[in-house]
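Here are the chains, one letter per residue:
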Amino acid sequence: MKLSVTLPNKNYDLLIEKGGLTHVGTWVKSLWKPQQIVIISDDNVENLYGEQVEKAIREAGFEVSLIAVKPGETSKNLATAEKIYHYLAECGMTRKDGVIILGGGVVGDLGAFVASTYMRGIHFLQIPTTLLAQVDSSIGGKTAVNTSVAKNLVGTFAQPDGVLIDPNTLLTLEDRRLQEGMAEVVKAAAVADKELWDLLSTIKDEKDILNYSEEIIFACCKVKRNVVEEDEFDTGIRLILNFGHTIGHAIEQTQGFGVITHGEAVAIGMCQLTKNAEKLGTMPSGLLNELESMLTKFHLPIHLEEWEEDKLFEALTHDKKTRGDSIHIILLEKIGKAKIETISIEEMKNYLEK
Ligand code: NAD
Ligand code: ZN
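Everything quoted here is computed from the prediction, not taken from an experiment.

## Quick look at helix α11 (residues 287-297)
Argument step 1. Those residues of α11 that fall on the buried side of the exposure criterion are L287, L288, L291, M294 and L295. Seen end-on, α11 carries its buried residues on one side only, within an arc spanning 140 degrees.
Argument step 2. On its buried face, α11 sits against α6 (175-192), α7 (194-201), α10 (262-280) and β10 (326-334).

Written as structure tokens, this is what we have:
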């Protein structure tokens, strides 16, 4: 399945295909002329897929090497970026060469940040290997690293030359990672794709997703592609993808990153917002029920045992996206249709009630 992304300064394709990794060499050759390639990955993904990808690209006529970082969010920083810059320089990489990013959202954000800043930007391709990266982070061109002050504080907007998604890579993913990816899938369906919601309704659990992975990933990529085409630099409609995220980020911060996954926090965030929106009459009733049963089916949490409104409010007002007196919230008009509303920080308190 192919999906084209058309932006003012760049067009490229997302290729979604089970077993796509087996012809990664042909894919790269169809996009780039023979040149030097560095693959950026993490240790886990290197162990699983590094050799296969490196070999296929070499056989396609490229000079190729691989650098792997330590898995996890702690690698998404400037110090690791610097190590990769040095590696690229040692390999003699120039702007005629290219980087391939193989892994989840962490190496996706980090690798694309490095590629978009090394020598003021070199070409790169994305091969996302987690569900979260396949349905969300590898599309849209946002790159980032964290600093000690905040997550994703430093970054660029940079689009790849292509994205190859092989849903078979999900077979090696831990259950909890698959589940958290499902939170973003449910979100995409809830805000913009009723048909996808209906498809998800027919699915048993997150394992069953693997039987429909191409269709599901394609639908999510399409939702994201559509908003990115309309709003490449994230100043308008793209905000709808933040459904459940304002509260979700506050939950991640107060629980501690790593204790709760991003997807779990977003699942709780969507339910919390919807519960209070129904009470306040800003969302039609019945949606909470639908969301809760969908998320529970994928073994995602729908509420926190300990809910500390004050702490959450504090975390929320410190979030870099909520500076000022007002805040954007994303509400559902119905399943498959979202709207953006601006409310005061004080009004936001109503959505945090237990
Ligand atoms: P991740 O990259 O850390 O991957 C999770 C874990 O799964 C890692 O340990 C990794 O080694 C392992 N892994 C990856 N693929 C695997 C596979 N196929 N089989 C087995 N193990 C595998 O985390 P993530 O959840 O993919 O991404 C999270 C990051 O994405 C965060 O830093 C977040 O800020 C970022 N993000 C970016 C955007 C964006 O628009 N740029 C959007 C959403 C999230
Ligand atoms: Zn998210």
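So that's the structure; there's more coming.
## Quick word on the site of ligand 1
Argument step 1. In the vicinity of ligand 1 there are 26 residues, among which D42, E73, G105, T130 and T172 approach most closely.
Argument step 2. Take G105: an N or O atom from its main chain is 2.7 Å from an oxygen atom of ligand 1.
Argument step 3. One of the side-chain nitrogen or oxygen atoms of D109 is found 2.9 Å away from a nitrogen atom of ligand 1.
Argument step 4. At the level of elements, α2 (43-59), α4 (105-117), α5 (131-137) and α6 are the ones that each hand at least two residues to the shell around ligand 1.
Argument step 5. Its residues assigned to classes, the shell around ligand 1 comprises seven nonpolar, nine polar and 10 charged.

## Brief notes about the sheet that holds strand β4 (residues 63-69)
Argument step 1. Pairing within the open sheet is mixed, and its seven strands lie in the order β1-β2-β9-β6-β5-β3-β4. The sheet is open, and its two edges are formed by β1 (2-7) and β4, each paired on a single side. Recorded for the sheet is a direction-independent mean angle of 15 degrees between the axes of neighbouring strands.
Argument step 2. Alignment of strand β2 (residues 10-16) against strand β9 (residues 162-165), held across four bridges, turns out to be parallel.

Definitions and cut-offs
Residues numbered from 1 in each chain as written. Chains lettered and ligands numbered in written order. Predicted model: local features only at pLDDT ≥ 70, side-chain atom pairs only at ≥ 80, totals over all residues. Heavy atoms only, no water. Buried < 20%, exposed > 50% of the residue type's maximum accessible area, 1.4 Å probe, protein only. Helix = DSSP H or I, 4+ residues; strand = E, 2+ residues; numbered from the N terminus. Arc of directions from axis to C-beta. Contact = heavy atoms within 4.5 Å. Near = heavy atom within 4 Å. Polar contact = N/O pair within 3.5 Å; in protein donor to acceptor, adjacent residues only side chain to side chain. Nonpolar A, V, L, I, M, F, W, Y, C, P; charged D, E, K, R; others polar. Pairing = 2+ DSSP bridges. Axes fitted to C-alpha atoms, helices over the stretch in contact; angles between N-to-C directions.

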